[in-house]
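# Understanding the architecture of this molecule
Here's the letter readout for the chains.
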Amino acid sequence: MTIKVLIVDDDALVRAGLSMILGGADDIAIVGEADDGARVPPLVAEHRPDVVLMDIRMPGVDGLTATERLRATKAPPEVLVLTTFHADAQVLRALRAGAAGFLLKDIPPAELVGAIRKVAAGEPILSPVVTRQLIAHVSEGGAGSRADRARALLGRLSEREREVALAVGRGRSNAEIAGELFMSVATVKAHVSRVLTKLTLNNRVQIALLVYDANL
């Protein structure tokens, strides 16, 4: 299966570098490039990419707005945010909007290719350490109200679903959760799906952010 990728970055050199790196992978195809978030919807409609590499800071429509608009559409592609910072409030907002994770622009080529493969396979890129940094970066504004809301949402879950959600918040994979909670991987996947449906979330990253918001 070929993974179709759309590159969105206002820096032509960055786009060229990403294209060169990804062009060396037999299972990845660059289907388009954009230098402004405004160009993303028509390109997605035309090429139906599996993954969008999205820069945050761009003139015109920025990557955050483009991500929010894209993830609000029916059957959207996965979005990987490109950033130069470990702790960036805008990255956190993109993750809350439904981005599958984020990559630093100095990521080694092999890791970039691996990250795209993981996201295309339905495994969001979630680093608990960096996510905590992001949470701390914006924790001064409305932390109490976010915690109350997060706990109320998690309170809708069954005991088992809550255990799975907390494990996702710790960055555990489905296999790791299965081992910790003594259940099959298929059962873990079913619990994760129910959590997403009950809480109206896009992906595991948003589950983890909810857990961090609740301070659990």
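Above this note sits the structure.
What this report covers is the structure whose coordinates are included nearby.

What counts as what
Residues numbered from 1 in each chain as written. Predicted model: local features only at pLDDT ≥ 70, side-chain atom pairs only at ≥ 80, totals over all residues. Heavy atoms only, no water. Buried < 20%, exposed > 50% of the residue type's maximum accessible area, 1.4 Å probe, protein only. Helix = DSSP H or I, 4+ residues; strand = E, 2+ residues; numbered from the N terminus. Polar contact = N/O pair within 3.5 Å; in protein donor to acceptor, adjacent residues only side chain to side chain. Salt bridge = Lys/Arg side-chain N within 4 Å of Asp/Glu carboxyl O. Contact = heavy atoms within 4.5 Å. Core = buried A, V, L, I, M, F, W, Y, C linked by side-chain atoms within 4.5 Å.

## Examining helix H11 (residues 204-213)
Along an α-helix, residues three or four positions apart point the same way, because every turn accommodates 3.6 residues. Taking burial as the measure, the 10 residues of H11 include 10 buried ones, the bulk of the element. Taken together, the buried positions of H11 are Arg-204, Val-205, Gln-206, Ile-207, Ala-208, Leu-209, Leu-210, Val-211, Tyr-212 and Asp-213. The opening residue of H11, the one whose side-chain oxygen lies 3.1 Å from the backbone nitrogen of Val-205, is Asn-203. Immediately downstream of H11, the backbone of Asn-215 shows phi near 60°, a positive value.

## Topic: the pattern of salt bridges
Side-chain pairs of opposite charge can arise whenever the charged atoms involved come near each other. Under the counting rule described, the total for this entry stands at 10 salt bridges. The shortest N-O distance in the salt bridge between Lys-105 and Asp-55 comes to 3.2 Å. Here Lys-105, found in the loop between strand E5 (101-104) and helix H5 (109-120), pairs with Asp-55, found in strand E3 (residues 51-55); they are 50 residues apart in sequence, far enough to count as distant. Look at the salt bridges and you will find they share partners, linking Asp-9, Asp-55 and Lys-105 into a network.

## Details of the environment of Val-119
Summarising the element assignment, Val-119 is placed in helix H5. The class for Val-119 is buried, based on a relative accessible area of 2%. Put simply, Val-119 and Val-51 are 68 residues apart on the chain and 7.5 Å apart in space, counted from C-alpha to C-alpha. Dropping the residues within four chain positions of it, Val-119 is found in contact with Val-51, Glu-78, Leu-80, Ala-100, Pro-124 and Ile-125.

## Some details on the nonpolar core
Counting 24 residues, the largest nonpolar core has Leu-6, Val-8, Val-40, Val-52, Met-54, Val-81 and Leu-95 as its most contacted members. Of all the secondary structure elements, the ones that give two or more residues to this core are strand E1 (3-8), helix H2 (40-47), E3, helix H3 (63-71), strand E4 (78-83), helix H4 (89-97) and H11. Top element by residues in this core is H4. It accounts for 4 residues. For Leu-6, the residues in contact, after removing those within four places along its chain, are Val-31, Gly-32, Glu-33, Val-40, Leu-43, Val-44, Pro-49, Val-51, Val-52 and Leu-53. Leu-153, Val-164, Ala-167 and Leu-201 belong to the second-largest nonpolar core, a separate cluster that totals 21 residues.

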